Amino acid sequence: MSEEIHVQLEQDIRRLESELEKKRAARDIGAEQSTVEHRDDQTALREVVREQITGAPVPAASTEHGPAVPLNDDQVSQVQTLVQTALASGLDAAVAAARETQNPAIMDALHDALADVYWKEMLQRGFVKAL
């Protein structure tokens, strides 16, 4: 991994860890008050990444989405390029590029791919634990 990618990944991971901590705190408060449904860290991370991509909070009831729209080879390539953009230039740069496509399927696939990438990285660092 190049130094540039490493630095950007570190910045994004720190930002996502901070947002995940906020989700954990809200979950813990909600558990005490029985107003927020219990969610595991992986689900919470998926919400954080979706919020970063959409720019809006994810309503508690809509953490899951319908079946993924199959992507064609060109779209798969676009998503792979966007993931590399996120790693090299940051999440914000990848999101901006994805928005330019104006393609909800690419945005959704990018969300899924990045949530997986960041989850694996956080697992390796011990910040989260697998169930």
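Residues numbered from 1 in each chain as written. Predicted model: local features only at pLDDT ≥ 70, side-chain atom pairs only at ≥ 80, totals over all residues. Heavy atoms only, no water.

Colleague: Please give an account of the overall build of the protein that cites residues and values.
Modeller: Along the backbone of the protein there are five helices and zero strands. Starting at the N terminus and ending at the C terminus, the protein contains elements arranged as α-α-α-α-α. The buried share among the 131 residues of the protein stands at 39%. For the protein, the share of sequence-separated contacts (at least 6 apart) that also reach a separation of at least 24 residues comes to 72%. (Helix = DSSP H or I, 4+ residues; strand = E, 2+ residues; numbered from the N terminus. Buried < 20%, exposed > 50% of the residue type's maximum accessible area, 1.4 Å probe, protein only. Contact = heavy atoms within 4.5 Å.)

Colleague: Describe the packing of aromatic side chains, and please don't skip the residues or the numbers.
Modeller: Remark: the centre distance and the inter-plane angle together describe each pair of aromatic rings, the angle taken between the planes. A full pass over the atoms with the stated rule returns zero aromatic pairs. A cation over a ring is seen here: Arg24 above Phe127, with NZ or CZ 4.7 Å from the ring centre. (Phe/Tyr/Trp six-rings, centres within 6.5 Å; stacked < 30°, edge-to-face > 60°. Lys NZ or Arg CZ within 6 Å of the ring centre and 35° of its normal.)

Colleague: Provide a residue-level description of the confidence of the model for the protein, including the pertinent values.
Modeller: Of all residues in the protein, 79% have pLDDT values of 70 or greater, and the mean over the chain is 82. By mean pLDDT, helix H1 (residues 3-33) is the weakest element of the protein at 80, and helix H3 (residues 73-89) is the strongest at 95. Confidence over residues 33-38 falls short of pLDDT 50; this stretch has six contacts with residues more than four positions distant or in other chains. (pLDDT = per-residue confidence, 0-100.)

Colleague: Can you explain the nonpolar core? Please cite residues and give values.
Modeller: Grouped together as the largest cluster of nonpolar side chains are 28 residues, with contacts concentrated most on Leu16, Val49, Leu114 and Tyr118. Breaking this core down by element, the ones donating at least two residues are H1, helix H2 (41-54), H3, helix H4 (91-101) and helix H5 (104-125). Here this core gets nine residues from one element, more than from any other, and that element is H5. Non-local contacts of Leu114, meaning those with residues more than four positions away in its chain, are made with Val49, Ile53, Val83, Ala86 and Leu91. (Core = buried A, V, L, I, M, F, W, Y, C linked by side-chain atoms within 4.5 Å.)

Colleague: Now, about the pattern of salt bridges: what can you tell me, with residues and values included?
Modeller: In the structure shown here, the tally under the stated rule is twelve salt bridges. Salt-bridge contacts for Glu47 lead to Lys23; the nearest nitrogen and oxygen are separated by 3.3 Å. Here the residue Glu47 occupies a position in helix H2, and Lys23 occupies one in helix H1, the gap between them amounting to 24 residues. Linking Arg46 and Asp112 is a salt bridge whose minimum nitrogen-to-oxygen distance equals 2.6 Å. Remark: Asp112 occurs in helix H5 and Arg46 occurs in helix H2; sequence separation between them is 66 residues. One salt-bridge network, in which partners are shared between bridges, spans Glu10, Glu121 and Arg125. (Salt bridge = Lys/Arg side-chain N within 4 Å of Asp/Glu carboxyl O.)

Colleague: Could you give an account of H5, naming the residues involved and the relevant values?
Modeller: The end-to-end C-alpha distance of H5 is 31 Å, a good match for the 32 Å that 22 residues give at a rise of 1.5 Å each. Near the N-terminus of H5, the side chain that reaches the backbone nitrogen of Ala105, with its oxygen 2.8 Å away, is that of Asn103. One or two steps after H5, the chain reaches Gly126, where phi turns positive at roughly 80 degrees. (Expected span 1.5 Å × (residues − 1). Polar contact = N/O pair within 3.5 Å; in protein donor to acceptor, adjacent residues only side chain to side chain.)

Colleague: Any chance you could break down the packing of H3 against H4 for me, citing the residues and the numbers?
Modeller: Viewed as axis vectors pointing N to C, H3 and H4 meet at an angle of 150 degrees, and their least axial separation amounts to 6 Å. With respect to H4, the axis of H3 lies roughly antiparallel. Residues Gln78, Leu82, Thr85, Ala86 and Ser89 of H3 form the contact with H4, whose own contacting residues are Leu91, Ala93, Ala94, Ala97, Ala98 and Thr101. Partitioned by chemical class, the residues of the contact of H3 with H4 number seven nonpolar, four polar and no charged. (Axes fitted to C-alpha atoms, helices over the stretch in contact; angles between N-to-C directions. Parallel < 35°, antiparallel > 145°, perpendicular 65-115°, else oblique. Nonpolar A, V, L, I, M, F, W, Y, C, P; charged D, E, K, R; others polar.)

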